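# Overview (structure and organization)
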Amino acid sequence: MDLGASTLLCPPLELTDKKEHGVSPSDSSFFKKQPSIPMEFIWAKGEMGHAHEELREPVVDLEGFFAGDEVAIQHAAMLVRAACLNHGFFQVINHRVDPHLITVAHDHMEAFFKLPWSKKLRAQRKPGSLWGYSGAHADRFSLKLPWKETLSFGFHENGSESVVEDFFKSTLGEEFEQTGLVYQKYCQAMKDLSLVLMELLAISLGVDRLHYRNFFEDGSSIMRCNNYPPCQEPGLAFGTGPHCDPTSLTILHQDQVGGLEVYVNNKWRTIRPRRDALVINLGDTFKALSNGRYKSCLHRAVVNRYKERRSLVFFVCPREDRVVTPPQDLVCREGTRKYPDFKWSDLLEFTQKYYRADDATLQNFTKWLLSSNPPNHH
Ligand SMILES: C=C1C[C@]23C[C@H]1CC[C@H]2[C@]1(C)CCC[C@@](C)(C(=O)O)[C@H]1[C@@H]3C(=O)O
Ligand SMILES: O=C(O)CCC(=O)C(=O)O
Ligand SMILES: [Fe+2]
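Reading the values: the criteria
Residues numbered from 1 in each chain as written. Chains lettered and ligands numbered in written order. Predicted model: local features only at pLDDT ≥ 70, side-chain atom pairs only at ≥ 80, totals over all residues. Heavy atoms only, no water. Near = heavy atom within 4 Å. Polar contact = N/O pair within 3.5 Å; in protein donor to acceptor, adjacent residues only side chain to side chain. Areas by Shrake-Rupley, 256 points an atom, 1.4 Å probe, with all protein chains shown as cover. Helix = DSSP H or I, 4+ residues; strand = E, 2+ residues; numbered from the N terminus. Nonpolar A, V, L, I, M, F, W, Y, C, P; charged D, E, K, R; others polar. Contact = heavy atoms within 4.5 Å. Axes fitted to C-alpha atoms, helices over the stretch in contact; angles between N-to-C directions. Parallel < 35°, antiparallel > 145°, perpendicular 65-115°, else oblique. Left-handed = near helix turned anticlockwise from the far one by under 90°. Core = buried A, V, L, I, M, F, W, Y, C linked by side-chain atoms within 4.5 Å. Buried < 20%, exposed > 50% of the residue type's maximum accessible area, 1.4 Å probe, protein only. Expected span 1.5 Å × (residues − 1).

### Some thoughts on the site of ligand 2
Contacts to ligand 2 come from N226, Y228, H243, D245, L252, L260, H299, A301, R309, S311 and F315. The side chain of H299 places a nitrogen or oxygen atom 3.0 Å from an oxygen atom of ligand 2. Taken by itself ligand 2 offers 300 Å² of open surface, and the protein chains cover 96% of this. Elements supplying a minimum of two residues to the shell around ligand 2: β5 (221-228), β11 (299-302) and β12 (309-316). Counting residues per element, the shell around ligand 2 draws most heavily on β12, at three residues. Its residues placed into classes, the shell around ligand 2 shows five nonpolar, four polar and two charged.

### Looking at the site of ligand 1
The immediate surroundings of ligand 1 are formed by 15 residues, with H137, R140, K148, R224 and Q352 found nearest. One nitrogen or oxygen atom from the side chain of R140 is found 2.8 Å from an oxygen atom belonging to ligand 1. Here K148 contributes a side-chain N or O atom positioned 2.9 Å from an oxygen atom of ligand 1. In the complex, the protein chains occlude 96% of the 460 Å² of accessible area that ligand 1 would expose alone. Mapped by element, the contributors of at least two residues to the shell around ligand 1 are β6 (238-243) and α10 (344-354).

### Observations concerning the environment of V324
With respect to the helices and strands, V324 occurs in strand β13 (residues 323-324). For the pair V324 and L289, spaced 35 residues apart in sequence, the C-alpha to C-alpha distance is 6.3 Å. Each residue touching V324, except ones within four places of it in the same chain, is listed here: F215, T285, A288, L289, P340, D341, F342 and W344.

### Notes on the packing of helix α5 (residues 163-172) against helix α6 (residues 177-205)
Contact geometry of α5 with α6 gives a least axis separation of 8 Å together with a crossing angle of 155 degrees. As judged from the angle between their axes, α5 and α6 are roughly antiparallel. Seen along the crossing, α5 lies across α6 with a hand that is right-handed. Along its contact with α5, which presents V164, E165, F168 and K169, the element α6 presents E177, T179, G180, L181, Y183, Q184 and C187. Split into classes, the residues belonging to the contact of α5 with α6 amount to five nonpolar, three polar and three charged.

### A short note on the nonpolar core
As a rule of thumb, nonpolar side chains are buried together in soluble globular proteins. Formed by 92 residues in total, the largest nonpolar core has its most connected members in L151, Y183 and Y212. With 16 residues, α6 is the largest single contributor of residues to this core. If near-sequence neighbours (up to four positions away) are discounted, L151 is found in contact with F112, F113, A123, G132, Y133, F167, F168, M223, R224 and C225. If you look at the next biggest cluster of nonpolar residues, it comprises 13 residues, including L145, W147, C231 and A237.

### So, α6
Compared with an ideal rise of 1.5 Å per residue, which puts 29 residues at 42 Å, α6 spans 42 Å between its outermost C-alpha atoms and is within 8% of the ideal. Within α6, 23 of the 29 residues are buried, which leaves it mostly tucked inside the rest of the structure. Of the residues flanking the end of α6, it is G206, one or two places downstream, whose phi is positive at about 70 degrees.

Spatial relationships are all this shows, so hold off on functional conclusions.
As structure tokens, then:
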């Protein structure tokens, strides 16, 4: 059942009377098919173009990594290298994240998004903050609104208190204590897996095996739950438009509905959902950490007419004051630096205050950075 735009925007976006757009029933054009979704959600025809082909690439099996089987580790690193040089996307199986924990995390996400508006709005994102509930980012953007609701919160491991549990209890109340516990465990499992992947990425780049693990060990990451309601015009709107994640590494688990697409060899390809796999994609920050060797994955989420779709997305980030710079031996091999040093907090601020992340965030950030601190050549 299509809940339409009202599920995304509260109070429900009143569909403005057609006459306000200078069209009245007497005009012949009026009888042309009028889009049944608010124009704020509509993307240009040229930006759509739905994928038909599936991306079928080898899945990286982590079993050998956990078993310390060096041959299996080299094989996994070779698959990771091929994928990251080409498009920055791969999937992992035998990742040792408890499948029951993933299922319960989906259950709590479903329960949250099914809450009445009044309850969801208790967690409403404050201006300038990443944390909380957002309906179509309608408070941030005015056009090309994403056809989605999101719930975002931070994760870091210092000390006993759990920022995740505090987030749920303080914004949604005691009845969400269990949800906070589930997401604390889920985020911890995502963080642990991310450090294994950082080792694999280091091996695949031929740098010190612990280099990236050490860089991210004390990082603060972002957890996001995405809910994509059914859409009457799936050919006019995006759940999440084409973009590269500005973050470093993304670990995503999608439900069985399907809708994630990745841009590979100049074509959008669908990613078939796999319950037992976790989707991994590199972001802009890791691209800079690899001195531009590895791609930041260009991806998007399309919507459909009939079925709600949800995804759990964990964005791995370094500590905010960490300076993003590629390992020296990688630069020596490459000969030149591709990006200036920057702090992750500066790129994050850029995406939250000045620039809506898309497929060119890193290059625009670099220009912005250099324009505000021109290199002194004396
Ligand atoms: C640092 C971030 C900004 C976004 C959430 C994380 C990593 C992915 C980014 C995002 C999803 C890229 C597409 C545009 C965006 C505005 C969105 O659709 O949510 C981005 C997120 C954000 O700025 O909230
Ligand atoms: O929901 C998806 O499949 C993709 C979501 C995504 O790319 C994001 O939230 O950054
Ligand atoms: Fe993304």
